[in-house]
Amino acid sequence: MRLGLIGAGGFGAYTAQLIDRQPEIALVGVADVDSSKAERLGEERGIPFWTDHRALLDACACDALAVVTPHSTHRDIVVDAAEAGRHIFCEKTMAITVADCHDMVEAADSHSVKLMVGHKRRFRPAAVAIRKALGSEGLGRPLAVNVRGYFGRHITGFWRERELCGGLLYWAGVHDVDTLRYLFGEVASVYAVLGPKLRPEISDQEDAIAVALTFQSGMLGSIQVSTFFPMATYQTAFGFDIVCERGGIAYSAQDLKVTTHIEGEQPHTVQLEHNSAEGAYDREWSSFAAWVLRDETPVLTGEDGLRCVEILQAAYLSADTGARVDLPLNRNERRPFDQQ
């Protein structure tokens, strides 16, 4: 599969390295609006480069496109790629609004191209171990889950701007919102509140957000995110506490342990060797190639990306209105972002 890459920044360069590991994918072109980045990666790889994704689509002999650009740009690039007959791998977050996500899915469907969104966190060892633990006999149904997303890191790059990113949850909570869907199914309603804005010099988005979820199964979920907690890093945050009918599961991101405790039994702990993303990236990229080349069932689709954005957007809509937001959102919903 011949792949064109849109986005030659830090993660674009890393994506090129990920492609190197895929025997069924060849990188054949790159584009970036920053000409120096496009030229650097193009010359480094010995492939042609452009400063506009449309120019790449016109001139590059690629079968598919990888979109590794700010969230706010994804919709137009994906729609243009679909109209040009190219299959698409779009990095998360898929877009900022469900309206844009629907445009992307519908463009792919109408032009008979495949659209995958890169939510690889669900394939990392911790998520796999949690999912296995949820199947433990005797544990019963899950009743509630909490995700602890406090860590210390100053936001940099396009993530500092809500107009380009969407908000803190679109950056630092998107992985875990998708993982919650993967583990517990679809969400029925969302309620969220934003904390006070105390550090405007860091970004123009919120400094803290708390979100309450009700799943279609009736179980409850909550996730809190802030980047001003020096006792954890991004890698050691986002632990899970899961309450079940007859016990519970705890995942500690700091010591990489998944502990299952069933009433009346001794707790059982699984020590993970790592929670590296490398294998997860390989799984989604190899699946994308197999989907394009042989029509094998994909591990992720545009629908996964859309449903994740729906939860994120609902959180900000709830925070804006002060009310619970029921899902699904209207196909053309752009609030609260169309008010800025």
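Residues numbered from 1 in each chain as written. Predicted model: local features only at pLDDT ≥ 70, side-chain atom pairs only at ≥ 80, totals over all residues. Heavy atoms only, no water.

(A) Representation of the environment of E44. Structurally, E44 can be placed in helix 2 (residues 35–45). Accessibility expressed as a relative area gives 56% for E44, which makes it exposed. (Helix = DSSP H or I, 4+ residues; strand = E, 2+ residues; numbered from the N terminus. Buried < 20%, exposed > 50% of the residue type's maximum accessible area, 1.4 Å probe, protein only.)

(B) Just the nonpolar core, in detail. Counting 88 residues, the largest nonpolar core has I88, M94, L115, F184, V190, V211 and Y251 as the members making the most contacts within it. With eleven residues, the top contributor of residues to this core is helix 8 (residues 168–184). In this structure, I88 is in contact with L65, V67, V78, A81, A82, V113, K114, L115, M116 and F288, ignoring residues within four places of it in sequence. (Core = buried A, V, L, I, M, F, W, Y, C linked by side-chain atoms within 4.5 Å. Contact = heavy atoms within 4.5 Å.)

(C) Region of interest: the side chain of R307. Its location among the elements puts R307 in helix 10 (residues 302–321). On the accessibility criterion, R307 (18% relative accessible area) is buried. At 2.7 Å, the side chain of R307 and the side chain of E303 are in polar contact. Looking at R307, its side chain comes within polar contact range of the side chain of E310, at 3.1 Å. (Polar contact = N/O pair within 3.5 Å; in protein donor to acceptor, adjacent residues only side chain to side chain.)

(D) Layout of the packing of aromatic side chains. On inspection of all chains with the given rule, the structure shows 19 aromatic pairs. Judged by centre distance (5.8 Å) and plane angle (45°), the rings of F151 and F238 are tilted. With F151 in the loop between strand 7 (142–150) and helix 7 (162–165) and F238 in the loop between strand 10 (220–226) and strand 11 (239–244), the pair connects residues that are 87 residues apart, well separated along the chain. Both residues of the pair, F151 and F238, belong to the buried class. Relative to Y234, the ring of W171 has its centre 6.3 Å away and its plane inclined at 5°; by these criteria the two rings are stacked. In this pair, W171 is assigned in helix 8 and Y234 in the loop between strand 10 and strand 11, connecting sequence segments 63 residues apart. Take W171 and Y234: they sit in the same class, and that class is buried. Within the aromatic cluster, the residues linked to one another by ring pairs are F151, F158, W159, W171, Y234 and F238. Lying over the aromatic face of Y182, R131 brings its terminal NZ or CZ to 4.2 Å of the ring centre. (Phe/Tyr/Trp six-rings, centres within 6.5 Å; stacked < 30°, edge-to-face > 60°. Lys NZ or Arg CZ within 6 Å of the ring centre and 35° of its normal.)

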